[in-house]
Amino acid sequence: MSVRLSELVLNCDDPEVLSRFWCAVLDYVELGKDEDGIEIGPASGFGGATPTIILSRNPQPKHQPLRLHLDVSPVDQDQDAELERLLALGARPADVGQTGEESWHVLQDPEGNEFCLLRTRLDPL
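- The name an unreviewed UniProt entry gives the chain is VOC family protein, with Curtobacterium citreum as the organism.

Given below as C-alpha cells:
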C-alpha cells in the first residue's frame, strides 16, 4: 500500500491575498472557502495528479524560514521570463544563505513564505 500527496496546508495571515497570488502563480482556481481559509487547486478539483493547497488562517507571525518549502518549475517559458512574471505578481527575492551560484531562485510570497523557482522546464499537465 502507499499514499499520495493530495493537499498542502499553508498557515497564513490573509488567505485572500495568498489565494490571489498562488492561483496566478500556479494557474489554480479557488475550490472552497470558509471562515478558516481557502482551498485552491487545479480546475479539475481535488484528487487529481496535482495537490490542492489549503490556505489556513493563522494570525501567528512567521518567525523563521519554513521547514518545508515549495519548488516550482516553468512550463511555457524559460526561467528568466518566469522569474519576471513571478516578481510582477508580488514575489520578492529571498536570502536564505545561497551563494549566488545556484541554478534556482529563492523567492518569497506576499507573506514571506519561501519558495524556489527551478531552471528545469516541465511539460504542462
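## A short note on the sheet that holds strand β6 (residues 92-93)
- Ordered in space as β5-β8-β7-β6, the four strands form an open sheet in which the pairing is mixed. The open sheet terminates on both sides in strands that have one partner only, identified here as β5 (70-72) and β6.
- With four bridges joining them, strand β7 (residues 105-108) and strand β8 (residues 114-117) adopt antiparallel strand pairing. What sits directly across from L107, in β8, is F115.

## Describing helix α2 (residues 79-89)
- Every buried residue of α2 is listed here: Q79, E82, L83 and L86. Buried residues of α2, seen end-on, are gathered within an arc of 105 degrees and therefore sit on one face of the element. Opposite its buried face, α2 presents the exposed residues D80, E84 and A88, each directed more than 90 degrees away.
- Buried residues along α2 sit in contact with α1 (15-26), β7 and β8.
- Looking at where α2 begins, the residue whose side-chain oxygen comes 3.3 Å from the main-chain nitrogen of D80 is D78.
- G90 sits one or two residues past α2 and shows a positive phi near 120 degrees.

## Examining the nonpolar core
- The biggest cluster of nonpolar side chains holds 19 residues, and the ones touching the most others in it are W22, I40, L55, L86, L107 and F115.
- When residues of this core are traced back to their parent elements, those giving at least two are β1 (7-12), α1, β3 (37-41), β4 (52-57), α2 and β8.
- At five residues, the largest contribution of residues to this core is made by α1.
- Contacts of L107, omitting those with residues within four sequence positions, involve L83, L86, L87, A91, R92, P93, A94, N113, E114, F115 and L117.

## Focus: the state of the cysteines
- Per the stated rule, a full pass over the model turns up zero disulfides.
- Its sulfur unpaired, C12 is 12 Å from the next cysteine sulfur, which belongs to C23.
- C12 supplies the cysteine sulfur nearest to C116, a cysteine that is in no disulfide, at a spacing of 20 Å.

About the thresholds
Residues numbered from 1 in each chain as written. Predicted model: local features only at pLDDT ≥ 70, side-chain atom pairs only at ≥ 80, totals over all residues. Heavy atoms only, no water. Pairing = 2+ DSSP bridges. Helix = DSSP H or I, 4+ residues; strand = E, 2+ residues; numbered from the N terminus. Buried < 20%, exposed > 50% of the residue type's maximum accessible area, 1.4 Å probe, protein only. Arc of directions from axis to C-beta. Contact = heavy atoms within 4.5 Å. Polar contact = N/O pair within 3.5 Å; in protein donor to acceptor, adjacent residues only side chain to side chain. Core = buried A, V, L, I, M, F, W, Y, C linked by side-chain atoms within 4.5 Å. Disulfide = S-S within 2.5 Å.

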